[in-house]
Each structure stands twice: as structure tokens, then as C-alpha cells.
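# Working through the structure, step by step
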Amino acid sequence: MDVSEPTRLGQHELSDGRRLAWGEWGLADGFAVLLCPGVATSRRLGFGTDVVDALGIRLVSVDRPGLGASDPAPGRTLRGWADDIAEFAAGRGIDDLAVVGYSAGGPFALACAAAGVASRAAVVAGADEFAVLGDALPGDLRNMVEAVTADPAAAEESFAEFGSPDALWKLIVAFSPEADLAVYRNQPFERVFRRAMAEGFAQGSAGYARDTALAMSRWPFAAEDIRIPVDLWYGRLDTSPSHSPDSGATLARRIPDARHHLVPDAGGALLWTHAEQILRGLVGADR
């Protein structure tokens, strides 16, 4: 469960002048795996950083606009994120890309998959499209979806008022099973995780609020139209209400080339507890 600092940090300027901040681990010329981080965490929180060299991987994490050190993009969309990553990859000399979406990063990874930006993908502890799950959602999430549907701007403002690194950390701890608390309360991990979350809010809460609004909205693509292999990873012990209420079963049925993994002894932190298995699936080592 290594969470080492990135070995390379930088910013890439897009054609419209905005900068995307990135961090990298592993081989500079390895197979590129892009991490779409979870809620309001920055490019500094990687996963599997102790195995990327051996697997021939160049692990890249990019701050979404308005989070960390990436310039904001008011009104940004999931499709816009895929466009940004396509331009980022071309500018960074990446011609073949896998993408991983953890938790709230899931829709951003799937946007890249739907747009043909990635050749393979993984979603880890991420939910199906909240806006189509309806009564299957816990009450609080269902209320958030309904608020975004009724008045997107007002809902986004309310998310911004709530969002802070301390508030999110308390929610994560409150809704985590013991299997996850053993990860989150491990001192080296907690230090890096909380620093990454503080950096996520470095520009304020607007970036977090936009991410949340996008997660609660209808996706601008159909999961059924994704034509690349997608690994879906879930821990049976996961109790987080913001993760998939059915451990990805509906999402697995919607994506044509999905492979569903339900790990019996893992919780929502399996991005770190099962990092090597997730990365091996992306590089084809276990296909």
C-alpha cells in the first residue's frame, strides 16, 4: 500500500491557455495509465506506486480543472474533460492510454472511454449513473440528484457551501467499514490522503462542487456505447453511500465489454489494497 510522492510534477498548457497540473510515477516511457482521482483529491495521491516500475507503467494523475493546481474551467462537462485529456495525452507524447476512475472519478474515466481517448479502462468503487438509478439510491443521494435535476446552479452553490477537506474527511471516516479504516487511519496514508484533499480545495470549493454536480447529472454518453474493455472493481465490504449501491452490477450489465470483480475481503479502499491486480488488468497481464 505504497503512497509515495510523485517522481515527476508539472503543468501542461492546453490550446486555450489553461494549464492542467499532473504528477507521474514509474517509467517515463512506460505504458501510460491515467488516474482520475476520487472526490477533491489532488495529483499527489497515486496508487500501486511500488509496482509500476515492474509492470512497465507510467502512472499519471491529473488535477481536474479548478482542483489542485489546474486552472478552473467554469461550466466544464464530462465531455470537456475527455477533450482535455485527449489534448493532454497528445501534448505529452502519449499515443496509447488506459484510464482508471476511482470513486467520484469514475464518470470522468468513462467519459474518456466513451470518447475513444483510452484503449482500456477501469472503474474502482465507482457508481453507475446516479441520475438513472432512481429508487435504488440511498435517500440523501436521491435528494442530491433531484436537486441537480430541478435547479443545477442552485444545487452546485449548495455543494460549494458544504465542501471542505475536513467535512469530507469526517464523512469518509464515518461511513467506512473497519477494512477501510485500517487503510485510512494508517498514519503515512492518512497524511498523504489529507494533504491531497487539502490541495484539492486549494482554490476553494468550486471545483469540488462542479465535480459533484456532474456526478449527479445525466452522463452525456451512453454506457452501452462504450466499446473498449472496462474492468469494474468493488469490495464486498464497502459501506460508503456514495459508491455503488449494488457493487457495480447494473453498470456491468450496461457496458458491453465489462469485467466485473467483486472482492470479498475488501472495502472501498481497494484502489490501494488491490492496486497490483487492478494495474495488471489494465496492462493485460491477467487477461
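Just above, that's the structure.
Throughout what follows, the structure given in this document is the object of discussion.

Calculation criteria
- Residues numbered from 1 in each chain as written.
- Predicted model: local features only at pLDDT ≥ 70, side-chain atom pairs only at ≥ 80, totals over all residues.
- Heavy atoms only, no water.
- Pairing = 2+ DSSP bridges.
- Helix = DSSP H or I, 4+ residues; strand = E, 2+ residues; numbered from the N terminus.
- Axes fitted to C-alpha atoms, helices over the stretch in contact; angles between N-to-C directions.
- Contact = heavy atoms within 4.5 Å.
- Expected span 1.5 Å × (residues − 1).
- Buried < 20%, exposed > 50% of the residue type's maximum accessible area, 1.4 Å probe, protein only.
- Core = buried A, V, L, I, M, F, W, Y, C linked by side-chain atoms within 4.5 Å.
- Phe/Tyr/Trp six-rings, centres within 6.5 Å; stacked < 30°, edge-to-face > 60°.
- Salt bridge = Lys/Arg side-chain N within 4 Å of Asp/Glu carboxyl O.

### Concerning the sheet that holds strand 4 (residues 57-62)
- Taken in spatial order, the eight strands of this open sheet run 1-2-4-3-5-6-7-8, and their pairing is mixed. Of all strands in the sheet, those with a lone pairing partner are strand 1 (8-13) and strand 8 (258-263), marking the two edges. Taken over all neighbouring pairs, the strand axes of this sheet differ in orientation by 20° on average, direction set aside.
- Lying on the sheet, helix 2 (residues 106-114) is in contact with strand 3 (31-36), strand 5 (97-102), strand 6 (120-124) and strand 7 (230-235); it crosses strand 5 at an angle near 155°.

### Things to note about helix 1 (residues 78-91)
- Taking 1.5 Å as the rise per residue, helix 1 with 14 residues should run 20 Å; its terminal C-alpha atoms sit 20 Å apart, in good agreement.
- In the stretch just after helix 1, Gly 93 is the one whose phi turns positive, near 75°.

### As for the pairing of strand 4
- The buried count for strand 4 comes to six of six residues, which makes it a mostly enclosed element.
- Because side chains alternate across strand 4, one face comprises the buried residues Ile 57, Leu 59 and Ser 61, and the other comprises Arg 58, Val 60 and Val 62, equally buried.
- Across five bridges, strand 2 (residues 19-26) lies against strand 4 in antiparallel orientation. Within the sheet, the bridge partner assigned to Trp 25 lies in strand 4 and is Leu 59.

### Digging into the nonpolar core
- With 57 residues, the main nonpolar core has Val 33, Phe 47, Val 100, Tyr 184, Leu 271 and Trp 272 as its most contacted residues.
- With 38 residues, the next largest nonpolar core counts Val 62, Ala 82, Val 117 and Ile 228 among its residues.

### Some thoughts on the packing of aromatic side chains
- All told, the structure shown has 10 aromatic pairs when counted by the stated rule.
- Note on Phe 201 and Tyr 208: the rings are 5.6 Å apart at their centroids and 40° apart in plane angle, and the pair reads as tilted.
- Centroid distance Trp 219 to Phe 221: 5.3 Å. Interplanar angle 25°. Geometry classified as stacked.
- Following the ring pairs from residue to residue traces out a cluster consisting of Tyr 102, Trp 169, Tyr 184, Phe 189, Phe 193 and Trp 272.

### Considerations on the pattern of salt bridges
- Applying the stated criterion across every chain, the model contains 23 salt bridges.
- Of the charged contacts, one joins Arg 44 and Glu 199 as a salt bridge, the two residues approaching to 2.9 Å between their closest N and O atoms. One end of the pair, Arg 44, is in the loop between strand 3 and strand 4; the other, Glu 199, is in helix 8 (residues 187-200), and 155 residues separate them in sequence.
- A relative accessible area of 14% places Arg 44 in the buried class.

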